[in-house]
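Coordinates in review
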Protein chains: 4
Amino acid sequence: MDKRQCILEATAELIAEHGLQACPMSAVARQAGCGAGTIYRYFETKDDLVQELYLELVRRLTSHCLEAYDAAACVKLRFFQFWGNFYRYMRANPRDCALLEQMSACPAIHEGTMEQASAELHDVVYGIITDGQQQHVVKMLPEKVLSTFVYGALSTLSKKYNAEPALLGEELELDQLLTLCWDGIKA
Amino acid sequence: MDKRQCILEATAELIAEHGLQACPMSAVARQAGCGAGTIYRYFETKDDLVQELYLELVRRLTSHCLEAYDAAACVKLRFFQFWGNFYRYMRANPRDCALLEQMSACPAIHEGTMEQASAELHDVVYGIITDGQQQHVVKMLPEKVLSTFVYGALSTLSKKYNAEPALLGEELELDQLLTLCWDGIKA
Amino acid sequence: MDKRQCILEATAELIAEHGLQACPMSAVARQAGCGAGTIYRYFETKDDLVQELYLELVRRLTSHCLEAYDAAACVKLRFFQFWGNFYRYMRANPRDCALLEQMSACPAIHEGTMEQASAELHDVVYGIITDGQQQHVVKMLPEKVLSTFVYGALSTLSKKYNAEPALLGEELELDQLLTLCWDGIKA
Amino acid sequence: MDKRQCILEATAELIAEHGLQACPMSAVARQAGCGAGTIYRYFETKDDLVQELYLELVRRLTSHCLEAYDAAACVKLRFFQFWGNFYRYMRANPRDCALLEQMSACPAIHEGTMEQASAELHDVVYGIITDGQQQHVVKMLPEKVLSTFVYGALSTLSKKYNAEPALLGEELELDQLLTLCWDGIKA
DNA sequence: TATGAATGAGGCTTCATTCAT
DNA sequence: TATGAATGAAGCCTCATTCAT
């Protein structure tokens, strides 16, 4: 792994464990196996490092969400594919899941960073909803509302499962949870 | 207002605005209109202050959620009353809503504090679900799953609305959003 | 006991246990069973309190040293009486003994306070030596030297005994120790 | 001089002048010519720094006491050599002498530190006494008692001289003072 | 007269950042 | 390019002292 990735990874590990407010650069350097000064070759300031980490986390999530996603498939299929990818990724990467939650909720992540991060997914997510509405299979509420509804439900559920993995059988759970969401938004 | 409340309020204000990692005790004192030392008559450490603030926020939310809640009413009514209260409180108190989100996601809030905080609501929330299941009006998934589903959806939606209040007409929105959730969990 | 004495006693207790550098006025007040403000009715500042405590400790020691002291007795008798009193007091009051040691060695006790404290004893102590020299039973070294020799030996021994009381049988020890000193200074 | 020594030296200077209770780390840094944070690369806490200083002072004293000390020489010679070294060191280093006195008497120096400090000298000091007792030239009292007697007398005398250097001619004094002690303990 | 809550200066310590090597 | 010792501003907390009650 290249050094920049090392540093991002180290930062992720430490923030996930101790929180943004307890993550000194010296600890990041130790965890990354490099000198403190080296970090500043790759990131201008600590703030910069944190913003970059957030973007990286969202980038990873995004690419997983779009795996095997076929924009030409039917609405329900796209819905299940996309949000299934989303949920699976969150379950497979509990640390990044918690990290995204923590960072999204914290004013330390700048408004601009948040927007930049979410831009890419928005089109896909909204597209599923608006296509569904045109076909009258999805409720006629603002697309943002329905997307947020699904996102909130699934991200909270995945976090819950990560904390208490014994709640439901692995195999069944995903389909059942997606069905909860689908039942919620379907016309 | 008594001094302890003043300090909690000042802390809430500052954490909401700048984040947990950027909330020095000196700023809390200034905002609370007291000397720095005074804080320590009411809270042993900064950590203690933060835990207490979290508990206080949850306490306020809890008491609002239970307003006009009739444990003897029918399941759907109880569902709409309770989660309606929840949503209305989150919308009416955007700052506390964001604060709860931020603090819940941050390792700085201790495990024990989180448990202590959620204890009171759990019984009510789970009760609605299990009663609904006995009457076969709610899906047969673990009660934790369904509660988390509703909680995640509504809390995320309320946060979204707080950020962009223009999404939906005030009057309609609540019922429509609760219906999304109800449709999701109903059998 | 009157309040002033209470406060001095409390201060003595705390300094003896934790040291001058770890003796907050709030702790003194608690130990003395009074409010923090009350201390300032009896002592202008903390520094004043500390100086007064030192003077009080020396005053107590002085009065014990002069008990049954007969200025008309022979030199050796006066020597044994005076230094015997001194040693017995130090052994009977380990806390004050340690306290005197601690405070005497610390620059926090002002030069003036030290002089004021030692003034009273000096005459007696030196008198024993100079009388002994006139009678040719004591070595012809400066009286300060011989006094300091005896004082240093006995105060250090008493402190040692206080720390490890099992070193010598109570009955014998005193006479033996005084003899060590007397043998040292006798002509 | 290396930085660690600089810091110890600065601390010694300030404690000697103002006392343990008036020696802020900021002043130590200024005196040592370094930043406040630098001190913490060499000492974990202020307490640690103080313990280390005490150990260092005792180490210096110890090495001086053993200079030209011949364990095979006769008892009286060893006595005069060892305690002569001790006294000379105390006179030549008034600041360290006062410092040792102050720190030894203060609860801020931990029990464990004191033991660690005194361990090395004990064997030599006690050896002189016990050998003297086997040869019937020294009184038959516990070796700790006699050692403490000598130590107390000489350390107090050296301190006194340091404060008032005019008491005795330099040349004569040492032998005369050691004789006082020797006369005290000899059989 | 006695209290103890309030104050804020000042103490200890951490940590983002720099820079000589 | 990489390092990590050094820096000092800033954070947390203590405590001598005051003052309203």
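Looking at an unreviewed UniProt entry, one finds chain A named HTH tetR-type domain-containing protein and attributed to Bacterioplanes sanyensis.

The number of helices and strands found in chain A is nine helices and zero strands. Secondary structure of chain A in N-to-C order comes out as α-α-α-α-α-α-α-α-α. Viewed in the frame of its principal axes, chain A has a C-alpha envelope of about 60 × 35 × 30 Å. In chain A, which comprises 187 residues, the proportion classed as buried is 36%. Summarising the internal contacts of chain A: among those between residues at least 6 apart in sequence, 66% fall at separations of at least 24.

This part is about the packing of helix α1 (residues 3-18) of chain A against helix α4 (residues 46-65) of chain A. All names here are of chain A. Relative orientation of the contacting elements α1 and α4 amounts to 90°, with a least axis distance of 10 Å. When the axis of α1 is compared with that of α4, the two are roughly perpendicular. In this structure, α1 uses Leu8, Thr11 and Ala12 to contact α4, whose residues at the interface are Leu49, Glu52, Leu53 and Glu56. Its residues assigned to classes, the contact of α1 with α4 comprises four nonpolar, one polar and two charged.

What follows covers the UniProt feature "domain: HTH tetR-type" (unreviewed entry) in chain A. Taking the numbering used here, the UniProt-annotated feature "domain: HTH tetR-type" (unreviewed entry) corresponds to residues 1-61 of chain A. Spanning residues 1-61 of chain A, this segment combines 77% helix with 0% strand, and its end C-alpha atoms are found 19 Å apart.

What follows concerns the relation of the copies chain D and chain C. Note on the identical chains: chain D maps onto chain C by a rotation of 180° and an axial translation of 0.0 Å, with an RMSD of 0.1 Å. In the structure described here, the two chain copies are related by an operation that fits a two-fold rotation axis.

Separated in space, chain A and chain C share no contact, their closest pair of C-alpha atoms being 30 Å apart. At no point do chain A and chain D touch; the closest pair of C-alpha atoms across them sits 13 Å apart.

So, about the protein's contact with DNA strand E. Taken together, 30 residues lie around DNA strand E, and Gly35(B), Gly37(B), Gly35(C), Gly37(C) and Gly37(D) are the ones closest in. Where the surface near DNA strand E is concerned, the elements lending two or more residues are α2 (25-32) and α3 (36-42) of chain A, α3 (36-42) of chain B, α3 (36-42) of chain C together with α2 (25-32) and α3 (36-42) of chain D. Residue classes in the surface near DNA strand E are distributed as twelve nonpolar, twelve polar and six charged.

With that settled, the discussion passes to the domain arrangement of chain A. Residue and element names in this part refer to chain A. Domain parsing of chain A yields domain 1 (1-43) and domain 2 (46-185). Taking only C-alpha atoms, the centre of domain 1 and the centre of domain 2 are 27 Å apart. Taken together, the contact between domain 1 and domain 2 spans nine residues of the former and twelve residues of the latter. In terms of residue count, the dominant contributor to the side of domain 1 that touches domain 2 is α1 (five residues).

Quick look at the protein's contact with DNA strand F now. Around DNA strand F there are 30 residues in total, and Gly35(A), Gly37(A), Gly37(B), Gly35(D) and Gly37(D) lie nearest to it. Secondary structure elements with two or more residues in the surface near DNA strand F: α3 of chain A, α2 (25-32) and α3 of chain B, α2 (25-32) and α3 of chain C together with α3 of chain D. Class assignment for the residues of the surface near DNA strand F results in twelve nonpolar, twelve polar and six charged.

On to the relation of the copies chain A and chain B, then. Least-squares fitting of chain A to chain B yields an RMSD of 0.1 Å, with the transformation described by 0.0 Å of translation along the axis and a rotation of 180°. A high fraction, 100%, of the interface residues of chain A reappear at the interface in chain B, so the copies pair face to face through one surface.

Turning our attention to the interface of chain A and chain B. Each side of the interface is counted separately: chain A has 32 residues, and chain B has 32 residues. Only α1, α6 (94-104), α8 (143-163) and α9 (170-185) of chain A provide two or more residues apiece to the side of chain A that touches chain B. With eleven residues, α8(A) is the single largest residue contributor to the side of chain A that touches chain B. Considering only residue class, the side of chain A that touches chain B consists of 17 nonpolar, ten polar and five charged.

A separate point is helix α4 (residues 46-65) of chain D. All names here are of chain D. For α4, spanning 20 residues, the distance from its first C-alpha to its last is 29 Å, which sits close to the expected 28 Å at 1.5 Å a residue. All of the buried residues along α4 are Leu49, Val50, Gln51, Leu53, Tyr54, Leu57, Val58, Leu61 and Cys65. Looking at the buried residues of α4, the elements they touch are α1 (3-18), α3, α5 (75-92), α6 (94-104) and α7 (111-134).

So, on to the packing of α1(A) against α6(A). All names here are of chain A. One way to put it is that α1 packs onto α6 with a least axis distance of 9 Å and a crossing angle of 70°. Overall, the two elements α1 and α6 adopt an arrangement that is roughly perpendicular. Judged by residue contacts, Ala12, Ile15 and Ala16 of α1 engage Arg95, Ala98, Leu99 and Gln102 from α6.

Under the local residue numbering, the UniProt record ascribes the feature "DNA-binding region" (unreviewed entry) to residues 24-43 of chain A. For residues 24-43 of chain A, the helix share is 75%, the strand share is 0%, and the end-to-end C-alpha distance is 14 Å.

Contacts between the two partners involve 32 residues from chain D and, on the opposite side, 32 residues from chain C. Those elements giving two or more residues to the side of chain D that touches chain C turn out to be α1, α6, α8 (143-163) and α9 (170-185) of chain D. Among the elements that make up the side of chain D that touches chain C, the one with the highest residue count is α8(D) (eleven residues). The residue inventory of the side of chain D that touches chain C, partitioned by class, reads 17 nonpolar, ten polar and five charged.

Turning our attention to unusual backbone geometry. Located in the positive-phi region is Ala68(A), a residue other than glycine, with phi close to 55°. Ala68(A) sits in the exposed class, given 8 other C-beta atoms within 10 Å.

Take the environment of Glu101(C) next. Examined against the element boundaries, Glu101(C) turns out to sit in helix α6 (residues 94-104). Glu101(C) sits 54 residues away from Ser155(C) along the chain, and the two C-alpha atoms are 8.5 Å apart. Residues contacting Glu101(C), with those up to four places away along its chain left out, are Lys159(C) and Ala105(D).

Each value, and the rule that gives it
- Residues numbered from 1 in each chain as written.
- Chains lettered and ligands numbered in written order.
- Predicted model: local features only at pLDDT ≥ 70, side-chain atom pairs only at ≥ 80, totals over all residues.
- Helix = DSSP H or I, 4+ residues; strand = E, 2+ residues; numbered from the N terminus.
- Buried ≥ 20, exposed ≤ 12 C-beta atoms within 10 Å, placed from the backbone.
- Contact = placed C-beta atoms within 7 Å.
- Axes fitted to C-alpha atoms, helices over the stretch in contact; angles between N-to-C directions.
- Parallel < 35°, antiparallel > 145°, perpendicular 65-115°, else oblique.
- Nonpolar A, V, L, I, M, F, W, Y, C, P; charged D, E, K, R; others polar.
- UniProt positions renumbered as here; feature names shortened; annotations may be inferred.
- Least-squares fit on C-alpha atoms with pLDDT ≥ 70 in both.
- Near = placed C-beta within 6 Å.
- Domains from an automatic or database assignment.
- Expected span 1.5 Å × (residues − 1).

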